[in-house]
Amino acid sequence: MSENINKHETFTQAEYMVMKDDLLRPIEKVGKAGKIWIAFLVAVLLAGVVAYIIQETKSKYVTTSLRDYTMWGIYISNFLFMVAIGLVGVLMSAILKLTNFEWYRPLSRIAEVIAIGAIMFGGISIVVAMGRPDRLLNLLLHGRIQSPIIWDVIGITTDLTACIILLFIPLIPSLVTCKNHLKNLPKWQLKMYNMLSFGWQGTPEQWQILKKTMKTLTALVIPLGVLICTITAWLFATTLRAEWDSTNFGAYFVSNAFLLSVAVMTFATFVFRKAYNLEKYLTEMHFDKLGQAMVLMALIHGYFNINEYLIPAYKMSGLHENTLLNLFVGKEAGFYWSVVIFGIIVPFLLPLFPKMRKPLPLFIISIVVLIAGWFRLYLIVIPGLLHPYLPIQDVPASWTHYFPSAVEMTVVAATFAGVLLVVTLFSRYFPIISVWEVAEGELEGKEEIFNYK
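On a predicted model such as this, the values are computed, not experimentally measured, just so you know. (Residues numbered from 1 in each chain as written. Predicted model: local features only at pLDDT ≥ 70, side-chain atom pairs only at ≥ 80, totals over all residues. Heavy atoms only, no water.)

Peer 1: How should helix 9 (residues 187-196) be read in this particular structure?
Peer 2: Turn by turn, an α-helix covers 3.6 residues, leaving residues three or four places apart pointing in a common direction. The set of residues buried in helix 9 consists of Gln 189, Leu 190, Met 192 and Tyr 193. Looking straight down helix 9, one finds that the buried residues subtend no more than 155° of arc, so they occupy a single side. Opposite the buried face of helix 9, at more than 90 degrees from it, the exposed residues are Lys 187, Lys 191 and Met 195. Just downstream of helix 9, Phe 198 is the residue with a positive phi angle, here 50°. (Buried < 20%, exposed > 50% of the residue type's maximum accessible area, 1.4 Å probe, protein only. Helix = DSSP H or I, 4+ residues; strand = E, 2+ residues; numbered from the N terminus. Arc of directions from axis to C-beta.)

Peer 1: Looking at this structure, I do not really get the nonpolar core. What am I missing?
Peer 2: Residues Met 92, Tyr 193, Phe 236 and Ile 432 are the most contacted members of the largest nonpolar core, which totals 135 residues. Looking at this core, the element that brings in the most residues is helix 11 (residues 249-275), giving 15 residues. Of all hydrophobic cores here, the second largest spans five residues; its members include Ile 38, Leu 41, Val 44 and Ala 417. (Core = buried A, V, L, I, M, F, W, Y, C linked by side-chain atoms within 4.5 Å.)

Peer 1: How do you make sense of the side chain of Thr 232 when you look at a structure like this?
Peer 2: Relative to the elements of secondary structure, Thr 232 occurs in helix 10 (residues 204-237). When sequence neighbours within four positions are dropped, the list of residues in contact with Thr 232 reads Phe 79, Leu 80, Val 83, Asp 152 and Phe 253. (Contact = heavy atoms within 4.5 Å.)

Peer 1: Any chance you could explain the packing of aromatic side chains here in plain terms?
Peer 2: How two aromatic rings sit relative to each other is set out by the distance from centre to centre and by the angle between their planes. All chains considered together, the criterion is met by 32 aromatic pairs. Judged by centre distance (5.8 Å) and plane angle (50°), the ring pair of Phe 81 and Phe 416 falls under tilted. In this pair, Phe 81 sits in helix 4 (residues 74-85) while Phe 416 sits in helix 16 (residues 406-429), placing the two residues 335 residues apart along the sequence. Its relative accessible area of 5% is what places Phe 81 among the buried residues. Here Trp 374 and Tyr 378 contribute two aromatic rings whose centre-to-centre distance is 6.0 Å and whose plane-to-plane angle is 20°, an arrangement assigned as stacked. On the criterion of helical spacing, the pair formed by Trp 374 and Tyr 378 is a turn pair, its members being four residues apart in helix 15 (residues 359-386). (Phe/Tyr/Trp six-rings, centres within 6.5 Å; stacked < 30°, edge-to-face > 60°.)

Peer 1: Please explain unusual backbone geometry as it appears in this structure.
Peer 2: Residues other than glycine predominantly adopt negative phi, and peptide bonds predominantly adopt the trans conformation. Notably, Phe 198 is not glycine yet its phi reads approximately 50°, a positive angle. For Phe 198, a relative accessible area of 60% translates into the label exposed. One non-glycine residue with positive phi stands out, namely Asn 277, at about 55°. Relative to the assigned elements, Asn 277 resides in the loop between helix 11 and helix 12 (284-315). Note on Asn 277: relative accessible area 57%, which makes it exposed.

Peer 1: When you look at the state of the cysteines in this model, what are you seeing that I'm missing?
Peer 2: What is meant by a disulfide is a covalent connection between two cysteines, made through their sulfur atoms. According to the stated counting rule, one finds zero disulfides in the structure shown. Of the cysteine sulfurs around Cys 229, a residue in no disulfide, the closest is that of Cys 163, at 11 Å. For Cys 229, a relative accessible area of 3% corresponds to the buried category. (Disulfide = S-S within 2.5 Å.)

Peer 1: I'm lost on the environment of Leu 107 in this one. Help?
Peer 2: Mapping Leu 107 onto the fold places it in the loop between helix 5 (88-98) and helix 6 (108-130). By relative accessible area, Leu 107 is classed as buried at 0%. Setting aside its immediate chain neighbours within four residues, Leu 107 contacts Met 92, Met 265, Thr 269, Leu 282 and His 286.

Peer 1: Could you clarify how one ought to interpret the pattern of salt bridges in this entry?
Peer 2: Close approach of charged atoms lets side chains of opposite charge pair. By the definition in use, this model includes three salt bridges. Measuring nitrogen to oxygen at the nearest pair gives 3.1 Å for the salt bridge that ties Asp 22 to Arg 25. Taken as a pair, Asp 22 and Arg 25 lie in helix 1 (residues 2-28) at a separation of three residues, close to a single helical turn. Under the relative-accessibility criterion, Asp 22 is labelled buried at 17%. (Salt bridge = Lys/Arg side-chain N within 4 Å of Asp/Glu carboxyl O.)

Peer 1: So what exactly am I meant to see when it comes to the environment of Gly 86 here?
Peer 2: Following the sequence through the fold, Gly 86 ends up in the loop between helix 4 and helix 5. Beyond its immediate stretch of four places on either side in the chain, Gly 86 contacts Ala 115, Ala 118 and Ile 119.

Peer 1: I would appreciate a short explanation of the packing of helix 5 against helix 6 in the present structure.
Peer 2: What describes two packed helices is the angle between their axes and the distance between those same axes. Contact geometry of helix 5 with helix 6 gives a least axis separation of 7 Å together with a crossing angle of 145°. The way helix 5 lies across helix 6 gives a crossing that is left-handed. Judged by residue contacts, Val 88, Gly 89, Met 92, Ser 93 and Lys 97 of helix 5 engage Ser 108, Ala 111, Glu 112, Ile 114 and Ala 115 from helix 6. For the contact of helix 5 with helix 6, a count of residues per class yields five nonpolar, three polar and two charged. (Axes fitted to C-alpha atoms, helices over the stretch in contact; angles between N-to-C directions. Left-handed = near helix turned anticlockwise from the far one by under 90°. Nonpolar A, V, L, I, M, F, W, Y, C, P; charged D, E, K, R; others polar.)

Here's what the structure looks like:
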């Protein structure tokens, strides 16, 4: 009996060591392609910084297409997109953890890093749109709690803080694993692991505290994530614009965010699977589950989309007529129906077929959904601004239409590069898949695994 137990423990430890080698390998060496990718992202980010400096020094009226009607433009639609994909941490990490769906384990850290990067650059998008960053502190010191903008600031900062803590707490055991296993790294990197691990020893008491803390934070992040999407929707719903005059906006935004979260998770999972050779841990089963989740989220969002547009279109009141006709048969009709087809119908119908839930087909579908999702939010912001309650006579022609300038597009591209850079750099210095969480879920003898350094 004891001999069998010893063989079983030896097998478990061997499996765990193989897993550590596989999941820590991306940290050991950055290849030429990885360096080129990082350099490219840094270059795009710096181009965005330069474009922003030009915008602030030469005035927005000269460098952007923002005018009295469209005073927000793609900066705010990009902010909405970042907030939406920022919900991925809630969906893939928090909800699946609490509901005991075991397949979340290899995905949770990827989701949390994406959420942090998206929320960070979503907040930056607001600062870029508002201008006068030197007055940002006044928003915190003298802001009125009655203002939905203050609600959004509080929600974003609180959600970002909670997501960082939720990422860091389960990362602590992985830091010790990196310190003990990766001996060929620079000394400063090993010292960083040692400092951030806060003397972790892996005792039963420490594991108990860690898991209890994770469970509490997980329960906290869910309402925070949903709240930030809802408050963002209220920023529009509390504004006197025909297209935004809706009590459905909160649920509409949240359902859209969940759909985009599944899409961005599918995209990231495929990229990491190929780039880091993680096919053993990011399996076809995960894509199958993500495909099923995509169908469900597309169905839910489709329901709220019908509620958002069908009833106002049925009544076709003077309040909504111009906006709806513009979307359905007017200048924006091509955009609108493309968004409906590629952003709702495609993710609902195609993943119903098992062959479409394979990695490559689902990856392509996720790209289509993300692009359509960005334009969906563009269509919420821009047409709503172009149809004010009190039109002004004899306005300049530039007020009546909007197309983003090169400066605006460069800044927006920089925010995407920033998110990708955050995710890339994290994966180069920390395990992008949690070794101990995967081991706990997949290997037998899991109580003994925690003792292996």
